[in-house]
Amino acid sequence: MVPCPLLLCIGLSYSFCSPARCKHTGGMKDPKDDAEEEDVSLPASGSHFKPEHKSEVLRILNEAKTGGEEAHAAGKLDFKKVRDILEEYQEQGVLLRTVLPEFAGLIVDCFWERALQDKDQVLQHFGNADIASLLSCKVEAEDEDDPKTYLHEVAVLAYVLAKVVGPKNLISHLPHDVRQFEYAFYYLMWSMANHAARTWEIRYFLMLWMTNIVLVPFDISSIDSNQHDTLSLTQLLIEVAQHCLERPGKVRDVGALFVARLLTRPDLSNSPHLPAFLKWCTKRLEVTDDDTATFGQVGALSAIAGVLKFGKRDELINHLDLISTTLTLNHLLETKNMLLSKNLVKAVQRLGLCYLKPRVVTWRYQRGMRSLLDNLHGKQARSETGSAGAQEAPLMDEFAPLELEPIVGVLLEALKNQDTIVRWSAAKGVGRIAARLDKPDADDVVNAVLALFELYEDSNGWHGGCLALAELARRGLLLPALFEKIIPVTLQALRYEVCKGTFSVGRHVRDAGCYVCWAFARAYAPADIASYAESMSASLLAAACFDKEISVRRAAAAAFQECIGRLGNFPHGIDIVTKADYFTLSNRKRAYLQIATVIAAYDVRYHNHFAKFLVENRLAHYDKEIRQLAAEALGELSGAEDADGAIIAQHLPKLLKVALSTGSGDVRHGAVLGIAEVVRVSPEKLTAEVKEDIIQLMPRIEGARLYRGRGGEYIRMAVLRLIETISMTGMELPTQSK
């Protein structure tokens, strides 16, 4: 029977480096923040949408549907309570999936019934002859403190719901009755001309709804009732979308989705609307001397990305050269604007996919059948297909077009972008395009990614490189022959940290390194990882116990748990998973002094790796509190080994030399603290020669004048701690020292 810890190791393995988790810049966090890390309870919403919340929301929405604007004017509708309930599930929007159809249906009913009351005004609004006059009506500014109208309150609920569950999830639950198509659009135009800027939620919801209605399986010309004589309904739809794309805000984002779905409809595939729209986008993107043009450029790029996503390759192939020329403009590639860079990367990667035919390459790695139960019992019979990716297959199915080279270059350069979300998007683009390339071309892409792990590259390049490796691994594009290059780089990323004055960068790199390990566990067979299992497991556990940041400790633990469940060849995996998990590693001091000691007791290989990691990395850390914790942890580890163990026989003599070095004061401080804690815990294991060296250490430091200068205060504190531990243990000194 499968033990219960298996459920733990799979259930707590969460997705790494999502945009929400990758917002870290790698900056230093105050060590005192760990005092608050003990509170690791789950959000109040728990694991399901609470029945009392559901009944309360349905009650208020039903009252709004029956009472309408009169009930709102009388103060009987508590819309704020509905918003508060929904926002409570902001981090767990998936819990609303079961109630989403009911909520969305009631909100639409409330909105539609009120909107129909303005039908006469809406239809009268379309007597003007040109689109500019329809959209440029001046509206008196409203005070932000003015109470919201009933229609605005309902639209705000729709926006909050979209924010919690995601716009795409909400769209699929909105009605798509063709009879609502035309009036919903006309009401959108009327709202754009007659509602104040602060009521943007009304336009957002209408545009979101139109995104679903526009997919009706009827020719749009058959729906057009010619309310506006000079422009067809399709032209009006495109003009309104362009109007939204040029203005900042959430309406622009959903407007891009709307126009992309509109222009890729089957009945518009051969129409002149798509070429005209692409030229409009090109004109906006070529502007370089207007700061406000950025708003329209973000919308244009988002719309192009949507067209390339939803359109059919055969229909877009004739427009790719125009799009490629536009997307590779120098001022776009050099921009520092995050939104502009993100949408540019999305558009570029989808452009590259359009140049390549959809296919499953024959050379990719294929793991074959997988059995979690076999992994736990150490069976490898079902992993015989693990090397299927290396089977003989044609290396060149077809040549990649020349136009693809600058596209891949843009994505590789974006892996070093200053913004995390841009690097994340570029990494996914590299993986998607490489999945359609022949092996020689894909190898060139992999080598270009590995080139990011150079010493001269900054933390952004390392982070983007790790994300790209993870995406390539998930798709089976990294063959086992490359592991000897990739895995050492990945393990180095788990330790990446660069001190810059009073803070350090590298948290996001270490987090991404955990993501690479997680991806390897899901993609490859245990036999292919076996030769690297020891180093991977020890490095992940060192990160889980000794990393400064709580997010990295938890990410390393989750990656280790995934490896246990998927690979099953990490030493003492299940036993360790029960000790080191999401909750127990939340407190830094407990992770250093308790969890690490328990893990080291399972296997001498873990013990030796931990000792080496502490001596070479943590005792030389820039943060004084980390050095103190590392010294205490080293002392605890020394108490669990014999007199000829690694700490006493190898690392202690090394620390005695480092304590007298002329390098950084932080390094000497950590070395003296490490010696002091070993003396406190294991005085009986020290030889007479080592004791003599420890006693002579203090006058030697004085003779080298290391008590003075920068860091001298820390050295004096460490030496005092050493004297204290010698006194506490009653260590018997050699006669000469007495």
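All values derive from a computational prediction rather than experimental measurement.

> Could you give an account of the overall build of the chain, naming the residues involved and the relevant values?
Each helix and strand in the chain was counted, giving 37 helices and 2 strands. For the chain, contacts bridging at least 24 residues in sequence account for 78% of all contacts bridging at least 6. Of the roughly 32,400 Å² of accessible surface on the chain, a fraction of 51% belongs to carbon and sulfur atoms.

> So what's going on with the nonpolar core? Which residues, and what values?
Counting 247 residues, the largest nonpolar core has Phe-111, Phe-185, Leu-478, Phe-520, Phe-546, Phe-610 and Leu-722 as the members making the most contacts within it. The element contributing the most residues to this core is helix α7 (residues 150–165), with 13 residues. Excluding residues that lie within four positions of it along the chain, Leu-478 makes contacts with Val-446, Leu-469, Leu-472, Ala-473, Phe-483, Ile-486, Phe-520 and Tyr-524.

> So what about the environment of Arg-59? Which residues, and what values?
Relative to the assigned elements, Arg-59 resides in helix α2 (residues 51–73). Exposure remark for Arg-59: the relative accessible area of 38% places this residue in the partly exposed category. Expressed as a C-alpha distance, the spacing of Arg-59 and Val-82, which sit 23 residues apart in the sequence, is 9.9 Å. In terms of polar contacts, Arg-59 uses its side chain to reach the side chain of Glu-63, at 2.8 Å.

> I'd like to hear about unusual backbone geometry, residue by residue, with values.
Not every positive phi belongs to a glycine, and His-572 is a case in point at roughly 55 degrees. Relative to the elements of secondary structure, His-572 occurs in the loop between α29 (550–566) and α30 (573–579). The class of His-572 is partly exposed, set by a relative accessible area of 34%.

> Can you tell me about the packing of helix α24 (residues 459–474) against helix α26 (residues 507–523), naming the residues and giving the values?
Running from N to C, α24 and α26 cross one another at 10 degrees; their axes reach a closest spacing of 8 Å. In terms of axis orientation, α24 runs roughly parallel to α26. Only His-508, Val-509, Ala-512, Gly-513, Tyr-515, Val-516, Trp-518, Ala-519, Phe-520 and Ala-523 of α26 make contact with α24, whose side of the interface consists of Ser-459, Asn-460, Trp-462, His-463, Cys-466, Leu-467, Leu-469, Ala-470, Glu-471, Ala-473 and Arg-474. Residues that form the contact of α24 with α26 fall into these classes: 14 nonpolar, 5 polar and 2 charged.

> Explain helix α32 (residues 604–618) residue by residue, including any values.
Here α32 is 15 residues long and its end C-alpha atoms lie 20 Å apart, about the 21 Å a rise of 1.5 Å per residue gives. Along α32, the residues that are buried comprise Tyr-606, His-607, Phe-610, Ala-611, Phe-613, Leu-614, Val-615 and Arg-618. Against the buried residues of α32 lie α28 (533–546), α29, α30, α31 (588–600), α33 (624–638) and α34 (646–658).

> Summarise the confidence of the model for the chain; cite the residues concerned and give the values.
Averaged over all residues, the pLDDT of the chain equals 84, while 85% of them reach at least 70. Note on residues 381–393: pLDDT is under 50 here. Beyond four places in sequence and across chains, it has 25 contacts.

> Give a description of the packing of helix α22 (residues 420–434) against α24 that names residues and reports values.
Where α22 meets α24, the axes come as close as 8 Å, and the angle between the chain directions of the two elements is 35 degrees. In this structure, the crossing between α22 and α24 has a hand that is right-handed. Taking contact as the criterion, the partners of Thr-420, Arg-423, Trp-424, Ala-427, Lys-428, Val-430, Gly-431 and Ala-434 in α22 are, on α24, Asn-460, His-463, Gly-464, Leu-467, Ala-468, Glu-471 and Leu-472. For the contact of α22 with α24, the residue count by class is 7 nonpolar, 5 polar and 3 charged.

> Mind laying out the packing of aromatic side chains, listing which residues take part and the relevant values?
Evaluation of the coordinates by the stated rule reveals 29 aromatic pairs. On the numbers, 4.9 Å between centres and 90 degrees between planes, the contact of Phe-483 with Tyr-524 is edge-to-face. Of the two residues, Phe-483 sits in helix α25 (residues 483–493) while Tyr-524 sits in the loop between α26 and α27 (526–529), which places them 41 residues apart along the sequence. A relative accessible area of 1% places Phe-483 in the buried class. The class for Tyr-524 is buried, based on a relative accessible area of 0%. Both rings, one in Tyr-582 and one in Phe-583, keep their centres 5.3 Å apart while their planes meet at 75 degrees; by these two values the pair is edge-to-face. The class of Tyr-582 is partly exposed, set by a relative accessible area of 26%.

> Give a detailed account of the side chain of Ser-638, specifying residues and quantitative values.
Of note, Ser-638 is situated in helix α33. Relative accessible area serves as the criterion here: at 0%, Ser-638 is assigned to the buried category. Side-chain polar atoms of Ser-638 contact the backbone oxygen of Gly-635, separated by 2.5 Å. Sequence-distant contacts of Ser-638, that is, excluding residues within four places in its chain, are made with Ile-647, Val-678, Val-681, Ser-682 and Lys-685.

> If you had to explain the side chain of Thr-264 to someone new, which residues and values would you point to?
Tracing the chain through its elements places Thr-264 in the loop between α13 (250–263) and α14 (273–285). The exposure class of Thr-264 is buried, given its relative accessible area of 18%. Excluding anything up to four places from it in sequence, Thr-264 contacts Val-307, Phe-310 and Gly-311.

> I'd like a description of the pattern of salt bridges, backed by residues and values.
All chains considered together, the criterion is met by 34 salt bridges. Arg-475 is the partner of Glu-471 in a salt bridge, and the nearest nitrogen-oxygen pair spans 2.7 Å. Take Glu-471: its relative accessible area is 1%, and that puts it in the buried class. Ionic pairing is found between Arg-680 and Glu-636, a salt bridge with its closest N-O pair at 3.5 Å. Here Glu-636 lies in helix α33 and Arg-680 lies in helix α35 (residues 665–681), a separation of 44 residues in the sequence. Its relative accessible area of 30% is what places Glu-636 among the partly exposed residues. When salt bridges that share partners are traced, they join Glu-636, Glu-677, Arg-680, Arg-721 and Glu-724 into one network.

> Quick one: what's the story with helix α36 (residues 688–703), residue by residue and with numbers?
Look at α36: 23 Å from first C-alpha to last across 16 residues, which is about the 22 Å you get at 1.5 Å a residue. The largest bend in α36 amounts to roughly 35 degrees and is located at Leu-697, with the proline Pro-699 lying one to four residues further along. Along α36, the residues that are buried comprise Val-690, Lys-691, Glu-692, Ile-694, Ile-695, Leu-697, Met-698 and Ile-701. Arg-705 sits one or two residues past α36 and shows a positive phi near 55 degrees.

> So what about the environment of Ser-221? Which residues, and what values?
Tracing the chain through its elements places Ser-221 in helix α11 (residues 220–223). Relative accessible area serves as the criterion here: at 54%, Ser-221 is assigned to the exposed category. Taking C-alpha positions, Ser-221 is 7.8 Å from Ser-232, a pair spaced 11 residues apart along the chain. Among the polar contacts made by the side chain of Ser-221, one reaches the side chain of Asp-219 at a distance of 2.7 Å.

> Lay out the environment of Gly-501 with the relevant residues and their values.
Secondary-structure assignment places Gly-501 in the loop between β1 (498–500) and β2 (503–505). Placed 121 residues apart in sequence, Gly-501 and Tyr-622 show a C-alpha to C-alpha distance of 9.0 Å.

Reading guide: rules and limits
- Residues numbered from 1 in each chain as written.
- Predicted model: local features only at pLDDT ≥ 70, side-chain atom pairs only at ≥ 80, totals over all residues.
- Heavy atoms only, no water.
- Helix = DSSP H or I, 4+ residues; strand = E, 2+ residues; numbered from the N terminus.
- Contact = heavy atoms within 4.5 Å.
- Areas by Shrake-Rupley, 256 points an atom, 1.4 Å probe, with all protein chains shown as cover.
- Core = buried A, V, L, I, M, F, W, Y, C linked by side-chain atoms within 4.5 Å.
- Buried < 20%, exposed > 50% of the residue type's maximum accessible area, 1.4 Å probe, protein only.
- Polar contact = N/O pair within 3.5 Å; in protein donor to acceptor, adjacent residues only side chain to side chain.
- Axes fitted to C-alpha atoms, helices over the stretch in contact; angles between N-to-C directions.
- Parallel < 35°, antiparallel > 145°, perpendicular 65-115°, else oblique.
- Nonpolar A, V, L, I, M, F, W, Y, C, P; charged D, E, K, R; others polar.
- Expected span 1.5 Å × (residues − 1).
- pLDDT = per-residue confidence, 0-100.
- Left-handed = near helix turned anticlockwise from the far one by under 90°.
- Phe/Tyr/Trp six-rings, centres within 6.5 Å; stacked < 30°, edge-to-face > 60°.
- Salt bridge = Lys/Arg side-chain N within 4 Å of Asp/Glu carboxyl O.
- Bend = angle between axes of the 7 residues up to and from the residue.

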